[in-house]
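In case you want the letters, here they are:
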Amino acid sequence: MSAPWDVAIIGGGIVGTATGMELARGGRASVVVLEAEEALAAHQTGHNSGVIHSGLYYKPGSLKARNCVEGREAMYRFCEAHQIPHERCGKLVVATTPEHLAPLDELERRGRANGLEGMRRLEAGDLREYEPEVAGIAGLHVPHTGIVDFAAVTEAFARLVRESGGDVRTSSRVLRVERRPDGVVLETARGAVEARALINCAGLQSDRVARMCGVDPGVRIVPFRGEYYELAPARQHLVRNLIYPVPDPRFPFLGVHFTRMIHGGVEAGPNAVLAFRREGYTRTSFSPRDALDLFAFPGFWRMSAKYWRMGVGEMHRSFSKRAFVAALRELLPALGDDDVHPSGAGVRAQALDPKGVLLDDFHIVEAERMIHVLNAPSPAATASISIGREIAAMAARAFALK
Ligand SMILES: Cc1cc2nc3c(=O)[nH]c(=O)nc-3n(C[C@H](O)[C@H](O)[C@H](O)COP(=O)(O)OP(=O)(O)OC[C@H]3O[C@@H](n4cnc5c(N)ncnc54)[C@H](O)[C@@H]3O)c2cc1C
């Protein structure tokens, strides 16, 4: 076996490659990134809305708020520097009922607390200045939001890892981890890899990878599938940029919205349906192991008791296109049932604790010679450069790197 790497990173999504880039930069550490699939960004990173979030939603002082605001600007700078197509197009959050007004006030307050300058509170009559087809009673325009292709960003991060002397290996699923007094040996689908330390950025599998490393993650990953529709080309003019509802503050997801995509076209979605397979991209996806894993976790039943009503609504919108479009029509009354057709889906890795609480913030846990990223939901793609820096700083301290 060749000389051990300083750090092995498990997971070639945007968080793993960003962490690798930050660690490998300037020769701070020798780094190998190990990705299970044939290509990078094969799961959450390659199946998301492609939105560079502003930092509007997150509790001031949280890891999400700090990393999203810093990471957003770092992402814009990175895309400029590496000629990755992106656009700072702004977005509109639309209140459609009086019940939305108090949560909209709270969003505005959080946005200001998170340092978002240039937001504009709108009356009903102002909404059409930004989105002529939208209907609502009030809104918030956020100019910092943008769009990008996060898979392309991930490829650029990986290129920089390689240019700094590191390696990024696909088709290299980590199957077993052996702890030794001076490091770890990772048994992969392509042979053994020796390293002094490891970082787990395995997304939908991160709790299992932690257990594989002999660490109790304390949480279970619950997969929530998000299904998208795409606007028919002839109806794309209905949406200029990004149109979002006011999110339900009791739920960690943003509600179905319209997103103009960087490579053209407009997507609508995603919903949030409990999935019984971690990498389950269709309604019929089912894995007995994944389902049993959920049912055996006490937090699952506590979560179900709390959220079953929302779950039924999401399920209904999953099976009924008419119900999905009805939710979208609240924002865009001109939208007809035939104006959209199904497009892809993504699966969110959402950590759940034993009390049934869906973890809101990023959750990163240290163990001996290990760092485990156990909750990196949205806006982790936006925030990836900042999260990568934070993890690299933790690693430098914990693993005594340069
Ligand atoms: C539907 C949806 C919409 C979203 N929209 C946005 C958005 O608009 N903006 C935003 O900022 N964020 C968004 N997000 C969130 C964002 O996509 C994620 O937070 C981010 O991609 C997480 O990156 P990651 O690297 O942690 O996970 P992933 O991209 O899932 O990467 C984890 C990788 O680990 C690999 N892996 C797993 N097990 C192993 C193993 N044993 N060995 C080796 N490799 C392994 C997997 O194959 C995978 O490639 C969205 C997410 C979803 C699902």
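Look above for the structure.
What you are looking at is a predicted structure, and each value in this text was computed from that prediction instead of being measured.

Caption draft 1: Inspection of the overall build of the protein chain at higher detail. When you go through the protein chain residue by residue, the secondary structure sums to 10 helices and 20 strands. For 402 residues, the compact-globule formula gives about 21 Å, and the C-alpha radius of gyration of the protein chain, at 21 Å, lands near that figure. By principal-axis analysis of the C-alpha atoms, the protein chain measures approximately 65 × 45 × 35 Å. Long-range contacts, defined here as pairs at least 24 residues apart, represent 73% of the contacts in the protein chain between residues at least 6 apart.

Caption draft 2: Representation of the packing of aromatic side chains. Applying the stated criterion across every chain yields a total of 9 aromatic pairs. Here the aromatic cluster, defined as three or more aromatic residues joined through ring pairs, consists of Phe276, Phe286, Phe295, Phe300 and Trp301. Over the ring of tyrosine 76 we find arginine 88, and its NZ or CZ is 3.8 Å from the ring centre.

Caption draft 3: Seen up close, the pairing of strand β10 (residues 174–180). Here β10 runs beside strand β11 (residues 183–188); their pairing, made up of 6 bridges, is antiparallel. Its bridge partner lying in β11, valine 174 is registered against threonine 188. The turn joining β10 and β11, which pair antiparallel and follow one another in sequence, is formed by 2 residues.

Caption draft 4: Spotlight on the site of the ligand. Residues in contact with the ligand amount to 37 residues; listed here are only the nearest, Glu35, Thr45, Val51, Ala376 and Thr382. Side-chain polar atom of glutamate 35 to an oxygen atom of the ligand: 2.6 Å apart, as the coordinates give it. Here alanine 36 contributes a backbone N or O atom positioned 3.1 Å from a nitrogen atom of the ligand. In isolation the ligand has 1000 Å² of accessible area, and contact with the protein removes 97% of it. Where the shell around the ligand is concerned, the elements lending two or more residues are α1 (14–24) and β18 (340–352). By residue class, the composition of the shell around the ligand is 18 nonpolar, 15 polar and 4 charged.

Caption draft 5: Spotlight on the packing of helix α2 (residues 63–81) against helix α10 (residues 384–398). Viewed as axis vectors pointing N to C, α2 and α10 meet at an angle of 115°, and their least axial separation amounts to 6 Å. For the element pair α2 / α10, the angle class is roughly perpendicular. Touching Leu63, Arg66, Asn67, Glu70, Gly71, Ala74, Met75 and Phe78 of α2 are Ser384, Ile385, Ser386, Ile387, Arg389 and Glu390, all from α10. Across the contact of α2 with α10, the residue classes break down as 6 nonpolar, 4 polar and 4 charged.

Caption draft 6: Quick peek at the sheet that holds strand β8 (residues 146–148). Read from one edge to the other, the open sheet built from 3 strands follows the order β3-β8-β4, with strand pairing classed as antiparallel. In this open sheet, the two edge strands, each paired with only one partner strand, are β3 (51–52) and β4 (86–87). Relative to β8, β4 runs antiparallel, the two sharing 2 bridges. Residue glutamate 87 lies in a different strand from β8, and its bridge partner there is isoleucine 147.

Caption draft 7: Representation of unusual backbone geometry in the model. Across the junction of glycine 269 and proline 270, the peptide omega takes the value -5°, indicating a cis bond. In this structure, proline 270 sits in the loop between β16 (266–269) and β17 (273–274). The residue after serine 378, namely proline 379, is reached through a cis peptide bond having omega 10°. Checked against the element boundaries, proline 379 lands in the loop between β20 (370–375) and α10.

Caption draft 8: The packing of α2 against helix α5 (residues 150–163), seen in detail. Here α2 crosses α5 at 75°, and the two axes come no closer than 11 Å. One element, α2, and the other, α5, form an angle in the roughly perpendicular class. Taken together, the residues of α5 that come into contact with α2 (itself represented by Met75, Phe78 and Cys79) are Phe150, Val153, Ala156, Phe157 and Leu160. Classifying every residue of the contact of α2 with α5 by side-chain character gives 8 nonpolar, no polar and no charged.

Caption draft 9: Structural context of the environment of arginine 329. With respect to the helices, strands and loops of the structure, arginine 329 is situated in helix α9 (residues 321–329). In this structure, the C-alpha to C-alpha distance between arginine 329 and valine 134, residues 195 residues apart in sequence, is 9.2 Å. Beyond its immediate stretch of four places on either side in the chain, arginine 329 contacts Leu335, Gly336 and Asp337.

Caption draft 10: Broad picture of the pattern of salt bridges. Per the stated rule, a full pass over the model turns up 31 salt bridges. Close ionic contact of arginine 389 with glutamate 22 constitutes a salt bridge, the shortest N to O distance being 3.9 Å. Note that arginine 389 is positioned in helix α10 and glutamate 22 in helix α1, a separation of 367 residues in sequence. The exposure class assigned to arginine 389 is partly exposed, which follows from its relative accessible area of 41%. For glutamate 22, a relative accessible area of 4% gives the class buried. A salt bridge links arginine 120 to glutamate 129; its shortest N-O distance comes to 3.0 Å. Overall, the relative accessible area of 48% leaves glutamate 129 in the partly exposed class. Ionic contacts of the salt-bridge type, sharing partners, join the residues Asp207, Arg208, Arg211, Arg220, Arg278, Asp290 and Asp293 into one network.

Cut-offs and rules
- Each residue is numbered by its place in its chain's sequence as written, counting from 1.
- The predicted origin of the model limits local features to residues at a pLDDT of at least 70 and limits the giving and counting of side-chain atom pairs to 80 or more, whereas totals for whole chains, interfaces and linings rest on all residues.
- Excluded from the side-chain calculations are hydrogens and water; all other atoms, namely the structure's heavy atoms, are used.
- Strands are runs of DSSP state E lasting at least two residues, helices are runs of H or I lasting at least four, and both sets are numbered from the N terminus onward.
- Radius of gyration here is computed from C-alpha atoms only, and the compact-globule reference equals 2.2 Å multiplied by the residue count raised to the power 0.38.
- Working rule for contacts: check all heavy atoms of both residues, and any pair within 4.5 Å makes them a contact.
- The criterion for an aromatic pair is that two Phe, Tyr or Trp rings (for Trp, the six-membered ring) have centres within 6.5 Å, with stacked assigned to planes under 30 degrees apart, edge-to-face to planes over 60 apart and tilted to the rest.
- The criterion is that NZ of a Lys, or CZ of an Arg, lies within 6 Å of the ring centre and within 35 degrees of the ring normal, and then a charge sits over that ring.
- Strands qualify as paired when DSSP identifies two bridges or more between them.
- What makes a residue near a molecule or strand is one non-hydrogen atom of that residue sitting within 4 Å of it.
- A 3.5 Å cut-off defines polar contacts: any pair of N or O atoms within that distance qualifies, except that in protein one atom must be a possible hydrogen donor and the other a possible acceptor, and neighbouring residues in sequence count only when both atoms are side-chain atoms.
- Only the protein chains shown count as covering a residue, and every accessible area follows the Shrake-Rupley method with a 1.4 Å probe.
- Think of it as three bins: nonpolar holds Ala, Val, Leu, Ile, Met, Phe, Trp, Tyr, Cys and Pro, charged holds Asp, Glu, Lys and Arg, and polar takes everything else, Gly as well.
- Fitting a line to C-alpha atoms yields each axis, with helices limited to the stretch in contact; the angle taken between N-to-C directions then spans 0 to 180 degrees.
- Any angle from 65 to 115 degrees is called roughly perpendicular, while one under 35 is roughly parallel, one over 145 is roughly antiparallel, and all others are oblique.
- Between Lys or Arg on one side and Asp or Glu on the other, a salt bridge is scored when a side-chain nitrogen of the former is within 4 Å of a carboxyl oxygen of the latter.
- The cut-offs for exposure are 20% and 50% of the maximum accessible area for each residue type, with area from a 1.4 Å probe on protein chains only; residues under the lower value are buried, those over the upper are exposed, and the others partly exposed.

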